[in-house]
Each structure stands twice: as C-alpha cells, then as structure tokens.
Amino acid sequence: MKRREILKTLTMLPLAGAMGNSGSLLNPAEAAQQAKLDVFKEFGLRTFINASGYFTSLSGSLMHDETMDAIREASKHFCRLDDVQDKVGARIAELLHAESAMVTAGAFSALMLGMAGVLSGTDPKKVARIPDLEGSGMKSEVILQKAHNDGYAHALRNCGVKLITVETSEELEKAISEKTAMMYFINYQASLGGIQHNEWLELAKKYQIPTMIDMAADLPPKENLWKFHDLGFDLVCVSGGKFMRGPQSTGILSGRKDLISAARLNAPPRGSNIGRGMKVNKEEIFGLYFALERFINTDQDKEWKMLEDRIALIERSVTSIPGVKTEMLPLPAINRVPTLKISWDKAKVRLENLAVNLRNGNPSIEVMGGAGSINVTTHMLKPDEVKVVAERIRAELSGALI
Ligand SMILES: *Cc1c(COP(=O)(O)O)cnc(C)c1O
C-alpha cells in the first residue's frame, strides 16, 4: 500500500472498527508503522552507511536528537528573528570567548557576511552598495597568503573585493595601502604559508587592519572554537554542519561586536543587501545552538578513543587477508579524524574499484578512494554500523582473492 492510501485507511479506522473487522485492514499498530513517512522510499532514493565523512555532497552530518527537538519546538511559535539572533548570539559568544556572534547559513556565509560588515560598517548606503565598491568610499582589497587562496575565498570576492596574495611579511607590508579592507587567514593552510597566526596578527595590529580566520572544518579539537578569539582574530568563521553536527545549512560568525553588528546589517531579516539569500530561521539558529552546546560538553578524549576503537575493529577484520595492507593516515589540520587506508595487491586480489562495490552492495556503504585503495572514517557511523562496514569490506576483499 502507498503511504497516502495507508493514511486514508487510518482515518477510516474508527468507522471500520464499528462495522466489525473486515479482515482487509491492517491492525492500527501495523498501519501506523507502515504509514510512517519514509522520505527516501517515497522518492526512490538510495540511503547509505557513511564511512566517508561529513561531505556536503553526501548530505553533511546527521543531527542529534537534542538538535531535532530544538528544531521541532522552535517550529511551533513565532518570534522576532533579530531577537533570536541577539539572544542566541550572546550565548554563543560566551561559549566561544567572543564579544559577539551570529548564526549564518554555513561558514561560507560567515565569510561573506563578515566581509560585507567590514566593508560597510553601519552605513546603510554602503550596505546597499555592496558588491559595487568603485567610487563608494569603501575599501576594496583583502590581503592573504598565496597558500591560503583556496576556493572558499570566493565568498570574499562575492563582496566585490580584490584578493591580493603575498608570501612573505615584507611583501605583506608593501601590499598594505588605504585600499586594504581586511587581512584573511585560513587555518588549515597555515603550515603551507610563510607567515603564522601570531605574526599575521601583529602586522594587522600595526596597521590597524581587521583580521578574519576561516576554521570551518577544523574541529576537533573543540578548543579551536575559542583559540582564535584568544589569539586576537577579529572575526572567526566555522561550519555548524560538519563535526559539530548542527543543521547542515548553518555556521557561526563570531568576533568583534561592531563587526558582527555590521555583518547583521548585511543579512536577513533585512533585504536589499548582499546576504538576503543566506537566510537562517529560528529553527536552524536554535538547532545550531544546541548542537554546539552538546559538542562542547562532549568528552572529546572518550569520543576520540571510540573512533579509534571502531577503526581498529575494521582494521582487524581485513588484516589476515593475503595481499591486503592497512595504515593510519597522518592527521591533517582540517577534517581531523582517525582515517584508515586499506590497500590491496592487485596480483592477489582481483578488485577493480572497492568503493563502487561497497556503494552498489547491500547495505550501501560510502568510503573515499576506490581503485587500489580506500580510506575509511568512523565519525559518521552509527554504533551498529561499525561491524557491518567491517564485515562488508572483509567479504569484498576475501571474495576477490585470486
Ligand atoms: C567546508 C568549508 C567551508 C564552507 O563551509 P560551509 O559550512 O559548508 O558553508 C569554508 N572553508 C573551509 C576551509 C571549509 O572546509
């Protein structure tokens, strides 16, 4: 029976009961069970076990029940959106050691709204003008290190600024002019640049230029949430829907009070600004808050150990297969989770692409890589999925032995 038909049947039940059980109806408990909405089934969509990571294309991370409860409760009443941002923002700021904070539509949105705020200040004419900076009286350049010029800096360019890349502190000082609006830093690329956080901040202070850091995916450790405020960055941008497991469409912009106030002038509920398309409503704002609070209160050492135990279980399931090798990948600054690489000798294991086999199997499993090796993570797994992943990988590899 289709869901809609079951729902129709359910509404008829009292009457049907009064007429005596015809035997053609499900009992109410069964009917209620079957009528439960399964959005994926309704649209014929494949769901999968996620041993890959919180990637946007894989629909991010799964929210905790507390987050969903907050979203459901928030959906039942009206409230002024500015008041929600004021109150929740103040609580977030306190947790993050920041003067002020706002919930944005992802870290990309935090970058863009923060940039817009730096450019406009609280001048409504300037807000209306962005990204059309020429002749506006607004500054128009952002300085960053060459190694920090990743695709996400597009968020800054959306505001009309030009990116000026430098490699040394001498080049940096030469690049600074009255056009310089901001100095931008990407945390995960720090080791590739010649200028580190402290020097970057000192130079910015010397020339009184606002600073922003993108640390969107640099959790865990949770201390990163306040580390960059403590260091002295004026604006910090983080994703809500990655390791934190808030709504996938959220992020946080936190930092200097005057800059957050200015950023908010560039965002909904106000229109006629560059951020109008980056709306977050009360549901997402509360959802993000409770996800953040839970994340901060989680025992991260215990959680880390759990992730490693899961990896060890998966590793043990394949190590005895001839020609199969495992290794832990070095921990990067971004997406910092235990990651297991499993590779196989093609002379011993006849396997074209293990990731494709796992995807097409039942249950479907997503991993990274595929041809010659796969990378497996465990932070997006539900507890009962760990064994399933271990067994499916083992079955695929041992089944392909020559
Ligand atoms: C994911 C990511 C972003 C964008 O974050 P969203 O929350 O998806 O908007 C920005 N910068 C970096 C370095 C990221 O990894």
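Read on for a plain summary of the structure. This structure is a prediction, so every number in the text was calculated from the model and none was measured.

What to know about the site of the ligand
Near the ligand you find Gly-106, Ala-107, Phe-108, Tyr-152, Tyr-188, Asp-214, Ala-216, Ala-217, Ser-239, Lys-242 and Ile-334, and these make up its full shell. Here an oxygen atom of the ligand sits 2.8 Å away from a polar atom, N or O, in the main chain of Ala-107. A distance of 3.0 Å is found between an oxygen atom of the ligand and a backbone nitrogen or oxygen belonging to Phe-108. When the ligand sits alone it has 380 Å² of accessible area, and the protein chains cover 88% of it.

Details of the environment of Arg-336
Among the secondary structure elements, Arg-336 is positioned in the loop between β9 (324-328) and β10 (339-344). Between the alpha carbons of Arg-336 and Phe-243 there is a distance of 9.3 Å; along the sequence they are 93 residues apart. Setting aside chain neighbours within four positions, we find Arg-336 in contact with Leu-219, Pro-220, Pro-221, Trp-304 and Leu-331. A distance of 3.0 Å separates a polar atom in the side chain of Arg-336 from the backbone oxygen of Pro-332.

Section: the environment of Ile-164
Its place among the elements puts Ile-164 in strand β4 (residues 162-166). Given a relative accessible area of 19%, Ile-164 falls into the buried group. A C-alpha to C-alpha distance of 9.2 Å links Ile-164 and Thr-180, two positions 16 residues apart in sequence. The residues touching Ile-164, leaving out its near neighbours within four places in the chain, are Glu-141, Val-142, Ile-143, Leu-144 and Ala-175.

Thoughts on the pattern of salt bridges
Inspection of the entire model under this criterion finds 17 salt bridges. Residue Glu-66 pairs with Arg-294 through a salt bridge whose shortest N-O separation is 2.9 Å. Separated by 228 residues along the polypeptide, Glu-66 in helix α4 (residues 65-74) and Arg-294 in helix α13 (residues 282-297) bring together distant segments of the chain. Across the pair Asp-82 and Arg-270 runs a salt bridge, and its minimum N-O distance is 3.1 Å. Within this pair, whereas Asp-82 is found in helix α5 (residues 81-95), its partner Arg-270 is found in the loop between α12 (257-265) and α13, the two being separated by 188 residues in sequence. Given a relative accessible area of 24%, Asp-82 falls into the partly exposed group. By relative accessible area, Arg-270 is classed as partly exposed at 27%. Where salt bridges share partners, they join Asp-82, Asp-86, Arg-264 and Arg-270 into one cluster.

Calculation rules
- Residues numbered from 1 in each chain as written.
- Predicted model: local features only at pLDDT ≥ 70, side-chain atom pairs only at ≥ 80, totals over all residues.
- Heavy atoms only, no water.
- Near = heavy atom within 4 Å.
- Polar contact = N/O pair within 3.5 Å; in protein donor to acceptor, adjacent residues only side chain to side chain.
- Areas by Shrake-Rupley, 256 points an atom, 1.4 Å probe, with all protein chains shown as cover.
- Helix = DSSP H or I, 4+ residues; strand = E, 2+ residues; numbered from the N terminus.
- Contact = heavy atoms within 4.5 Å.
- Buried < 20%, exposed > 50% of the residue type's maximum accessible area, 1.4 Å probe, protein only.
- Salt bridge = Lys/Arg side-chain N within 4 Å of Asp/Glu carboxyl O.

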